[in-house]
Amino acid sequence: MRFLGTTPDSSAVTPMLISLCHQISYNLMLPFEEIPDEMVPLTAHLKELLLNATKEQPLLMFLDSVDQLTGATDVNKVLWLPTRLPPHVKIVVSCVYEENDPAISQDCITLRKIIENDDNFLEVKSLGYDLAMDVIKRWMVDGHRDLNNYQMRMVSNALGRCSLPIFVKLVFAEICRWKSYSRPQDTHLASNVMDSIMMLFEKIEKQHGRLLVSHALAYITASKSGLSESELEDLISLDDKVLDDVYQYHLPPVRRIPPLLWTRIRNDLPNYLSEREADGVSVLNWYHRQFKEAAKKRYFTNQNLSQYFHSSIADYFLGIWGGGTPKPFRFTEIQRHRFNLKEKEGEADRKVPLQPLVFHAKDGTVSRYNLRKFGELPFHLVRARRFAGLYEHVLFNYQWLHAKMCSCPLQAVLSDFEDACNNVHDREASREMMLVADALRLGGAILSVYPDMLASQLVGRLLPERAANANVRALLELCDEEGPRDCALLPTYHCLHTPGGPLKYSLEGHQFAVFGFRLTADLRYIVSVSNKFVTWDLSTSDLTRETNPRIEGIMQGLQLSPDNKYASAHSSNNQTVAINLMTSEYVVVENPHPEYDIVGTQLSNSRLVIYSQAGSVLFDLRGQELERWDNTTGHQVLAMDFVSESEHSTIYRTSDDPNRMRLASVLEGRVLEPLEFFSALVTEMPGRGRVFTCQGDDDLGVAVLSRGRQRYSQLELLENRQPLLQLQLEDNGAYLLGTFMQGFQIWDLRTTVTDSKRRPCTSLLLPHGIRNVSSRPMRSNSCVLSLEKDYAIAGVRKSLYVWSLQTCKLMKVLDAHFGRIIHTTSLTVGTWNSVITSSLDRTVKVWNINNIFEQVYHIDRHEMQVDSISLSQRRDIAVTVARSCVGIWHLKLGKLLNRLADSPLGAIVTHAEVTTDGSYIVNTESGNILIWNVTTGEVLFRTEEKNVKQLTLFDKDTKFLSVCKTGSIGDSRCVVTARTIPSGEQLYQIEYPIRLLRSVVVTSDNVHLVLPGNEALKDTLFVHNAKTGALINKMVLKYSNYKDFHQIVVMPNKPSQVALIDSDKGNLLDVRTRRFLRSVPRWNGSVTRDGRHGLFAPARGGLEVIELRHGTSVRTLIPRVAQGVFSVITRFTKTDRYVLYYHSGSKTLRVFRMNDGKMVANYRVPAELTAINSSDDGKSIVLGTVDGCLTCLTVADPKVAEMAGYVTRLPSRSEESWTAAEEAAKQVIHFADPVTADED
């Protein structure tokens, strides 16, 4: 039995479940060691323990007031309850329910959803007079009390007016104070709960002092989640009004409240103040909410009093008077006269603690966070109307936001902003708060896992809003100043979506493409599916539930049951998963027709249907097969709609013409006459009374049909002039939307038309060259309508297209995803006017249509991924390869200055390098080698050279090598050509035989050209003169333990040495003397400029710095922890100050300081990394990603003094610097006209 919420361990879900598991294990003599500490395994363990109940030893559990639980990982507190109990187990649960208050009744509503049998619920109402009197008499017997006749009549009259359980308890507590000789005027009872509580407060005030009692109880009432006894004593000790009242007749040596005073008050409030857990601390709070309401009514009589108590608590949690800081006070006139004091004022240390955000251990590590401060301070600053302090210490304070992000869920941080916005009436301040809150929401998927990236997320998103918003500017300055202590990588410029525009949320939690999502019936949650089921809360963007059934393949065909309790999907490996969305319990059903692929699934509240070309199979939701229906038509099954065993429909393809289809329906167990239709069909939901179909290829009109008891009858014909790929209904059947190749058509079904006239349609055309395609029969791109039906929005390819329904003109094109949009749906209810999209880029995005025309701070990007990056720091430019063009970027501005392509249509770019001075670019494009003038954007040299595999600049970037592969299998050859820059004059050409193509290198002194080849079936290094191309020598590779190598590394400190890197070692050779020097085990090829150190980074995890002379490890940067087999990228920055480590599994870039091995940054890359480079001065790291973006990150190492000033001088940190940098760039680089992503 547990009375929840009455003790600290019974107030939170996890400790309560641990306690239950301990008691059950003790009773059943099972070990305690197996009891987990985390919520999900703990719930599973409890369910396993219940299986041990027997007839001889049944298990009964009583859980009172589950609504009092806190700290649940789910939105609701009851989802851990088992929905099906094993034999000999009974669980009795109580929770509050008020018919007219859905918020209070939320837990009871959830219980009714997960427990289907209504007979399991019993509503507890008033006790009634007879039962209440019986309870009183029994309590009196147990307490050895008795009443005289008059007193008993008083009790009887009171219970006749009210018999609520809490009132009965208050009555009993009052009559226990009565004596048999008590006067009638002293034996008064109230007639309701509120008056009884007021009487109780009045008696305690008379006994212990009105001021002391009223302030003590007011502090408890004002608190957000209760106060600990030490906090309450500290608050009273800081309250000079109380202390002046207590110390009227003597001066205390320490100006604090005597602890005994509060103890006496608490003893006179037996069981009305309960201890519970809040923020990891045992706190006092009111046992029943009516006590809190009574205290508010009594002690918060006006706004000034309320603000006084809230302000006092805010001061306490701010730590203003903590840590020995004396607080001033004024002596009362009585004190001055009684003790002959000349001073009017004094000051005293109240012995209250400091309130840091973080508590540190002796070694400087974080021991714990001040959760009490995080929970209480914002609440009281808002209610004390101290908004300036709220902005300074909480909402726009980096240290606060970071500490709270590290210790609390994202929603706890966002709730501070929401609470402030609801109470602040300053429009500009509200806008600034929402900018920060929305920035946190947009970065929520990353920040929930990597809170140390708070500064980089805020800077990357809010830089465009810096100039116009003072509070945002102050926050960003703190991010630049304090953020590098947590993550030293700061965006050099705006590089992430800025809040306030169309994008409301980006929901990231899938590792694979999101092939389906559905909205729940209450439109509060999104259920999405890839290799796992993920549920998102639309109101907060929180990931509320994630279930991985651990089956192979990607799931698709997501279905929700009508009651939203269950979901189903089938995988590419023909397995079907049915999952309980409330409890995450799931079953995996194997393909009932193994010889055929699954076409789809259908789901009702209690049944699952899996259908394929062989037919349909009916299951219950536990995976038990119930019935089979074979496909005897011989036609291909395209889709199915299942309501029940007596009502279902199937769509077949009936001929070789892919657009000829048939709808076969069963209604009330009777087979309806088949309906032949053409290309597209949609059924009105949920009644299925109307069907909309295409007539045929001769008449493209859309027929509206009514489903009868025997057949479908035509109601009307809609105008249509285009072959349709898809039909869908919008706004509960008020609008019909059709998809055709060049655009979309919309029919308003609310209007009336004459019998002889077809209902007209509105046509919306896509831009030239953009087409809708059919992804499967009757499925194509979707079009949705806005809340006011004034705009239509469609997701085609990677973009959102917005049309005005008044003018039918295309109004805007939004660059929405960097992968193809798979699914689009609308969310238009109440104040929500949104569109939701999912994509191959693994994200689900929510778009606010109300902001669709708001200013969007454009982020330049390529249409295709960035394949390589070459830098010129002298001109602050980066040159990127993006398959279709060469991009020239400004490293400090983040602008894509120009796109270079010699053949604008169909260009295929594979390599590009920029000279150190930034004057010329050498690239390969569509079988040609080109040299460009960066300033003018003109081609200076062009020559045909096919199958180029490598471009390398050498000799101070005055020459370059091109490496081409020729020949056939078994007779492969490599051709190396050297040319000058910028004339392109050919210096020499070398052809040599190869077995495998490997990179060629030029030694660090630009003397030797090393070509890895194969001669006489032996791997050989051909060493040529890099200036003339003359052959110097050949070196046959035959050293001990020789293996195929994949990389040649030039040793920077030894001009004639190179290293051949194979799978488990590096092998040093001197190409001038043709000697093998030594092998360095575990070396991956990265080397410092002095040639002393290298890196070892196995694909399974770990990173070490090794000394190259002896091959020993000198420092372990990442321990060898198994992380799965992923690709990793490791390198030193060009100054050797840092080591970079990118892990493709976690998508994180970690930066380690070489001199002490400390990790200075752990940066989660927004999209998969495809290219990386670092600047010559080591201050910047440049990333290219699969979404076509180029991101420059500044390494703002707090241990490097110059970096703080460097960050503040970046052009993005001030408008003047930005304008100056932009003008300077225009003087030396040709700026091309802006190009949209679709034109890239």
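See the structure printed just above.
In this report, the structure presented in the accompanying data block is examined. Everything quoted here is computed from the prediction, not taken from an experiment. (Residues numbered from 1 in each chain as written. Predicted model: local features only at pLDDT ≥ 70, side-chain atom pairs only at ≥ 80, totals over all residues. Heavy atoms only, no water.)

A few words on the overall build of the protein chain. The secondary structure content of the protein chain amounts to 24 helices and 73 strands. Expressed as lengths along the three principal axes of its C-alpha atoms, the size of the protein chain is roughly 125 × 95 × 65 Å. Within the protein chain, residue pairs in contact and separated by at least 24 positions form 49% of the contacts whose partners lie at least 6 positions apart. Element-wise, carbon and sulfur atoms account for 49% of the exposed surface of the protein chain, whose accessible area totals about 55800 Å². (Helix = DSSP H or I, 4+ residues; strand = E, 2+ residues; numbered from the N terminus. Contact = heavy atoms within 4.5 Å. Areas by Shrake-Rupley, 256 points an atom, 1.4 Å probe, with all protein chains shown as cover.)

This brings us to a nonpolar patch on the surface. A surface patch of nonpolar side chains, amounting to about 510 Å² of accessible area, comprises M1, F3, L60, F62 and V92. Tracing the sequence through the fold places L60 in strand β2 (residues 59-64). (Patch = residues over 30% accessible without salt bridge, like charges linked within 9 Å, V, L, I, M, F, W, Y side chains within 5 Å. Salt bridge = Lys/Arg side-chain N within 4 Å of Asp/Glu carboxyl O.)

Moving on, we get to the side chain of H1093. Among the secondary structure elements, H1093 is positioned in strand β64 (residues 1093-1096). Given the relative accessible area of 16%, H1093 is considered buried. Among all residues touching H1093, those that are not within four sequence positions of it are S1086, V1087, T1088, V1105, I1106, E1107, L1108, V1114, F1132 and M1154. (Buried < 20%, exposed > 50% of the residue type's maximum accessible area, 1.4 Å probe, protein only.)

Attention now goes to the pairing of strand β31 (residues 702-707). With five of its six residues buried, β31 lies for the most part within the structure. Here strand β30 (residues 690-694) pairs with β31 via five bridges, running antiparallel. Bridge pairing links V691 to L705 in β31. Here β31 pairs with strand β32 (residues 712-718) via six bridges, running antiparallel. The residue of β32 that forms the bridge with S706 is S713. The antiparallel pairing of β31 with β32 creates a hairpin that spans four residues between the two strands. (Pairing = 2+ DSSP bridges.)

This structure, assessed with the given rule, holds 19 aromatic pairs. For the ring pair F329 and F331, a centre distance of 5.0 Å and an interplane angle of 80 degrees mean the geometry is edge-to-face. Consider the rings of Y391 and F396, whose centres lie 5.8 Å apart with planes at 75 degrees: the pair is edge-to-face. Accessibility classification places Y391 together with F396 in one group, the buried group. One aromatic cluster in this structure is built from F201, Y272, W286, F291 and Y299. Above the plane of the ring of F1096 lies R1082, whose end atom (NZ or CZ) is 5.0 Å from the centre. (Phe/Tyr/Trp six-rings, centres within 6.5 Å; stacked < 30°, edge-to-face > 60°. Lys NZ or Arg CZ within 6 Å of the ring centre and 35° of its normal.)

Attention now goes to helix α24 (residues 1215-1228). The end-to-end C-alpha distance of α24 is 21 Å, a good match for the 20 Å that 14 residues give at a rise of 1.5 Å each. Every buried residue of α24 is accounted for by A1221, E1222 and A1225. For α24, the angular spread of the buried residues around the axis is 100 degrees, confining them to a single face. Turned more than 90 degrees off the buried face of α24, the exposed positions are E1216 and Q1227. Against β46 (886-890) lie the buried residues of α24. (Expected span 1.5 Å × (residues − 1). Arc of directions from axis to C-beta.)

Here we take up the pairing of strand β20 (residues 598-603). For β20, a buried count of five out of six residues is recorded, marking the element as mostly surrounded by other parts of the structure. Note: β20 against strand β21 (residues 607-612), five bridges, orientation antiparallel. Bridged to L603 within β21 is L608.

Looking now at the pattern of salt bridges. Per the counting criterion, the structure on display carries 69 salt bridges. Of the charged contacts, one joins R709 and E668 as a salt bridge, the two residues approaching to 3.3 Å between their closest N and O atoms. Of this pair, R709 sits in the loop between β31 and β32 while E668 is found in the loop between β26 (660-667) and β27 (670-671), placing the two residues 41 residues apart along the sequence. On the accessibility criterion, E668 (47% relative accessible area) is partly exposed. With a shortest N-O distance of 2.7 Å, D1156 and R1153 are connected by a salt bridge. Three or more residues joined by partner-sharing salt bridges are found here, namely E231, D279, R372 and E376.

Quick look at helix α11 (residues 259-267) now. Among all positions of α11, only L261, W262 and I265 are buried. Taken around the axis of α11, the buried residues stretch over an arc of 90 degrees, which confines them to a single face.

Moving on, we get to the environment of D630. With respect to the secondary-structure elements, D630 resides in strand β23 (residues 625-630). Accessibility expressed as a relative area gives 58% for D630, which makes it exposed. Put simply, D630 and V617 are 13 residues apart on the chain and 8.4 Å apart in space, counted from C-alpha to C-alpha. Setting aside anything within four residues of it in sequence, one finds D630 in contact with A614 and G615.

Here we take up the packing of helix α8 (residues 210-222) against helix α9 (residues 229-238). It is the contact of α8 with α9, at a shortest axis distance of 10 Å, that shows an interaxial angle of 130 degrees. Classified by the angle between their axes, α8 and α9 sit oblique to one another. For the pair α8 and α9, the sense of crossing is right-handed. Counted together, L212, A216, Y219 and I220 of α8 and L232, L235 and I236 of α9 form the full contact between these two elements. Along the lines of polarity and charge, the residues of the contact of α8 with α9 split into seven nonpolar, no polar and no charged. (Axes fitted to C-alpha atoms, helices over the stretch in contact; angles between N-to-C directions. Parallel < 35°, antiparallel > 145°, perpendicular 65-115°, else oblique. Left-handed = near helix turned anticlockwise from the far one by under 90°. Nonpolar A, V, L, I, M, F, W, Y, C, P; charged D, E, K, R; others polar.)

This next bit is on the environment of P356. On the secondary structure map, P356 appears in the loop between β7 (345-348) and β8 (358-360). Residue classification places P356 among the partly exposed positions, given a relative accessible area of 29%. With 187 residues separating them in the primary sequence, P356 and L543 have C-alpha atoms 30 Å apart.

Our next topic: the sheet that holds strand β68 (residues 1138-1143). Reading across the sheet, the four strands line up as β67-β68-β69-β70 and stay open at both edges, with antiparallel pairing between neighbours. Either end of the sheet is taken by a strand with one partner, and the two such strands are β67 (1128-1132) and β70 (1159-1164). With direction set aside, neighbouring strand axes in the sheet form an average angle of 10 degrees. Note: β67 against β68, five bridges, orientation antiparallel. Pairing of T1130 across the sheet is with Y1141, part of β68.

V155, I175, L440, L458 and L489 are the most contacted members of the largest nonpolar core, which has 133 residues in total. No other element matches α8, which puts eight residues into this core. When sequence neighbours within four positions are dropped, the list of residues in contact with L440 reads L410, V413, L414, F417, L447, L454 and L458. Of all hydrophobic cores here, the second largest spans 28 residues; its members include L49, L50, L79 and L81. (Core = buried A, V, L, I, M, F, W, Y, C linked by side-chain atoms within 4.5 Å.)

A few words on unusual backbone geometry. Each neighbour pair has its own omega, and for I981 with P982 the value is 10 degrees, a cis peptide bond. Even without being glycine, N1041 reaches a positive phi, approximately 60 degrees. Counting through the fold element by element, N1041 comes out in the loop between β59 (1031-1036) and β60 (1045-1050). Under the relative-accessibility criterion, N1041 is labelled partly exposed at 48%.

Two elements in contact, helix α19 (residues 427-442) and helix α22 (residues 470-482), have axes separated by 8 Å at closest approach and are oriented at 40 degrees. If you check the angle between α19 and α22, you find them oblique. Between α19, through E432, L435 and V436, and α22, the contact on the second element is made entirely by A470, N471, V472 and L475. Each residue belonging to the contact of α19 with α22 can be placed in one class, and the counts come to five nonpolar, one polar and one charged.

For the rest of this paragraph, the subject is the sheet that holds strand β39 (residues 799-804). Read from one edge of the open sheet, four strands run β37-β38-β39-β40, paired in antiparallel fashion. On the outer flanks of this sheet lie β37 (783-785) and β40 (810-815), each paired with one strand and no other. Across this sheet, the average inter-strand angle for adjacent strands is 20 degrees, counted without regard to direction. As paired elements, β37 and strand β38 (residues 791-796) share three bridges and run antiparallel to each other. Across the sheet, the residue bridging to V784 is I793, located in β38.

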